[in-house]
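Understanding the architecture of this molecule
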Amino acid sequence: MKFAQFLLKNSSVAGIPKQVERFSKFSPSPLSMKQFIDFGSADACEKTSFVFLRQELPVRLANIMKEIDFLPDKLLSTPSLKLLTSWYSQSLLELIEFLETDPEDKDILKNFTQTLVNIRNRHNNVVPTMAQGVVEYKEAFGVDPVTNQNVQYFLDRFYMSRISTRMLMNQHSLIFDGSVNPAHPKHIGSIDPTCDVVEVVKDAYETSKMLCEQYYLTSPDMDITEVNSKNPGQPLHIVYVPSHLYHMLFELFKNAMRATVETHETSPVLPPIKVRVSLGTEDLTIKMSDRGGGVPLRKIERLFSYMYSTAPSPVHVDNSRNAPLAGFGYGLPISRLYAKYFQGDLQLYSMEGYGTSAVIYLKALSSESVERLPVFNKSALRHYQASIEADDWCMPSKDPKKLGRTV
């Protein structure tokens, strides 16, 4: 194992490969939004949460750490990846120390909550650090189709795993730290049992508008329409994590505003961004449409690609002290992961020459909003071992063949 060999060189984490092997044999246990809510209600039991998380968090970490080993050797050897693997190893070791401890001991429970906060803080820069590793690899070795396919598959799973572990750690630390958020007293951890979707849309729009006006000195208006087919005339409420929804909407508004302003820079009036929010029996759907000129179909898939990001590389910094904060062009792929995390989705539909519509699908029922989690098994392994075969459809050549007889 490449990852194991790397870890064995560091004596402080010499036991890690064995622990990764041990915990990756278990499958993660996905929770539904309803379970999160029930678990964090008034009679929430810290001991029950502790006993669940001390097993579940190592299982989730180990499952994704097994997959790190299937990345290209040269990517694993970048400074960014070495730093990142050391964070995961240290966090796994810290969690394992609680396995045999007494859940009745108040000090143990307090130490566990503090450990979760420390791990969460340690992993704050995981996304830009991994992205920096990909940049380092691309600059040194370029991109080939097989590597692109494997890295895309891995990063979707890696970042989804990170979203899920942060969700678990946030819920435990927010519910059991003994305080209530005065701004959101009804929140259960990071979940709002009556999340007002339109309010989150407006918040994300206002922040994007402020940034747009700072940069371009103008911004498009927003037209918003609400459709509540379940309770006509009533506000659109669902059980959701407002910060996740805000993250998706903020990214989409930024893209829509930039495209609109740049496409209509000579126009006296900017066309508005139209948002329609609809609540049905199964889905809550948010559609955001701009007139920002659109994107050709050929490029849509690349907008969700980590390897083909069009964003400029951030300025190189000393990764051991400070991971770069922005500029990797990962906003769309990670926003789609937030949507998929609770069984939703995010899709783009574009009309080149006119504009783009982005659609966020969320589950309307909390019992159907179940975590979508990666698990390391033979199916995952086959993805990394697959090679790109010849296409079984004819590929058009640049110049059409001349079929007529020459005279």
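In every chain, residue numbers begin from 1 and rise along the written sequence. Only residues with pLDDT of at least 70 get local features here, since the model is predicted, and only at 80 or more are side-chain atom pairs given and counted; chain-wide, interface and lining totals rely on the full set of residues. The side-chain numbers reported here are obtained from all heavy atoms of the structure, hydrogens and water having been left aside.

1. Notes on the packing of helix α9 (residues 145-176) against helix α14 (residues 378-385)
Between N-to-C directions, angles cover 0 to 180 degrees, with each direction set by a line fitted to C-alpha atoms, over the stretch in contact for helices. Runs of E in the DSSP output that reach at least two residues are strands. Runs of H or I that reach at least four are helices, and both are numbered from the N terminus. Packing of α9 against α14 brings their axes to within 8 Å, and their N-to-C directions diverge by 145°. Only Ala380, His383 and Tyr384 of α14 make contact with α9, whose side of the interface consists of Gln149, Asn150, Tyr153, Phe154 and Arg157. Gly is placed with the polar residues, together with every amino acid not listed as nonpolar (Ala, Val, Leu, Ile, Met, Phe, Trp, Tyr, Cys and Pro) or charged (Asp, Glu, Lys and Arg). Here the contact of α9 with α14 is built from residues that sort into four nonpolar, three polar and one charged. Between two residues, a contact is recorded if the distance between any of their heavy atoms is within 4.5 Å.

2. A closer look at the sheet that holds strand β5 (residues 283-289)
The five strands are arranged β2-β4-β5-β7-β6 in an open sheet whose pairing can be described as mixed. Two strands close off the open sheet at either side, each with one partner strand: β2 (222-228) and β6 (345-351). Averaged over all adjacent pairs, the angle separating strand axes in this sheet is 15°, with direction ignored. Where β2 and strand β4 (residues 273-279) come together, seven bridges link them in parallel fashion. Bridge assignment links Ile224 to a residue of β4, and that residue is Val275. Pairing between two strands requires that DSSP report at least two bridges joining them.

3. With respect to the packing of helix α10 (residues 197-216) against helix α11 (residues 242-263)
Between α10 and α11, whose axes approach to 8 Å, the crossing angle comes to 40°. With respect to each other, α10 and α11 are oriented oblique. The two elements α10 and α11 meet at a crossing, and its hand is right-handed. Contacts between α10 and α11 involve Val197, Val200, Val201, Asp203, Ala204, Tyr205, Thr207, Ser208, Lys209, Leu211, Cys212 and Tyr216 from the former and Pro242, Leu245, Tyr246, Leu249, Phe250, Phe253, Lys254, Met257, Arg258, Val261 and Glu262 from the latter. Any angle that is under 35 degrees is reported as roughly parallel, and any over 145 degrees as roughly antiparallel; angles of 65 to 115 degrees are reported as roughly perpendicular and all others as oblique. Two helices cross in a left-handed way if the nearer one is turned anticlockwise from the farther one by less than a right angle. They cross in a right-handed way if the turn is clockwise.

4. Brief notes about the packing of aromatic side chains
Put simply, two rings from Phe, Tyr or Trp (the six-membered ring, in Trp's case) pair if the centres are within 6.5 Å, and we call them stacked under 30 degrees between planes, edge-to-face over 60, tilted for the rest. Counted by the stated rule, this structure contains 19 aromatic pairs. Here the aromatic rings of Tyr159 and Tyr306 are separated by 5.6 Å at their centres, their planes lie at 55°, and the arrangement is tilted. Here Tyr159, found in helix α9, pairs with Tyr306, found in the loop between α12 (297-300) and α13 (331-341); they are 147 residues apart in sequence, far enough to count as distant. Its relative accessible area of 2% is what places Tyr159 among the buried residues. When the ring of Tyr246 is compared with that of Phe250, the centres are 5.8 Å apart and the planes differ by 10°; the resulting orientation is stacked. Of this pair, Tyr246 and Phe250 both sit in helix α11, four residues apart, which is roughly one turn of the helix. Owing to a relative accessible area of 18%, Phe250 belongs among the buried residues under this scheme. Buried, partly exposed and exposed residues are distinguished by accessible area as a fraction of the type maximum, computed with a 1.4 Å probe on protein chains only: under 20%, between the cut-offs, and over 50%, respectively.

5. Description of α10
Expected span of a helix: the number of residues minus one, times 1.5 Å. Compared with the 28 Å implied by 1.5 Å per residue over 20 residues, the 28 Å span of α10 between its first and last C-alpha is a close match. For α10, every residue scored as buried is listed here: Val197, Val198, Val200, Val201, Ala204, Tyr205, Ser208, Lys209 and Cys212. Those residues of α10 that are buried are in contact with β1 (192-196), β2, β3 (237-240), α11, β4 and β5. Where α10 begins, the side chain of Asp196 points an oxygen toward the backbone nitrogen of Val198, at a separation of 3.3 Å. Between N or O atoms, a polar contact is any pair within 3.5 Å; within protein, one atom must be a potential hydrogen donor and the other a potential acceptor, and residues adjacent in sequence are included only when both atoms are from side chains.

6. As for the nonpolar core
Nonpolar cores are built from buried Ala, Val, Leu, Ile, Met, Phe, Trp, Tyr and Cys residues. Side-chain atoms within 4.5 Å join them into one set. Membership of the largest hydrophobic core comes to 105 residues, with the highest contact counts inside it found for Leu155, Phe158, Tyr159, Leu249 and Phe253. Aside from chain neighbours lying at most four places away, what touches Leu155 is Met130, Val134, Tyr306, Tyr330 and Leu337.

7. Focus on the side chain of Ser24
Looking at the secondary structure, you find Ser24 in helix α2 (residues 16-24). Exposure remark for Ser24: the relative accessible area of 8% places this residue in the buried category. Within the structure, Ser24 has its side chain in polar contact with the backbone oxygen of Val20 (distance 2.8 Å). Looking at Ser24, its side chain comes within polar contact range of the main-chain oxygen of Glu21, at 3.3 Å. Setting aside residues up to four positions removed in sequence, Ser24 forms contacts with Ala62, Asn63, Lys66 and Phe376.

Any functional reading would require information beyond the geometric quantities listed.
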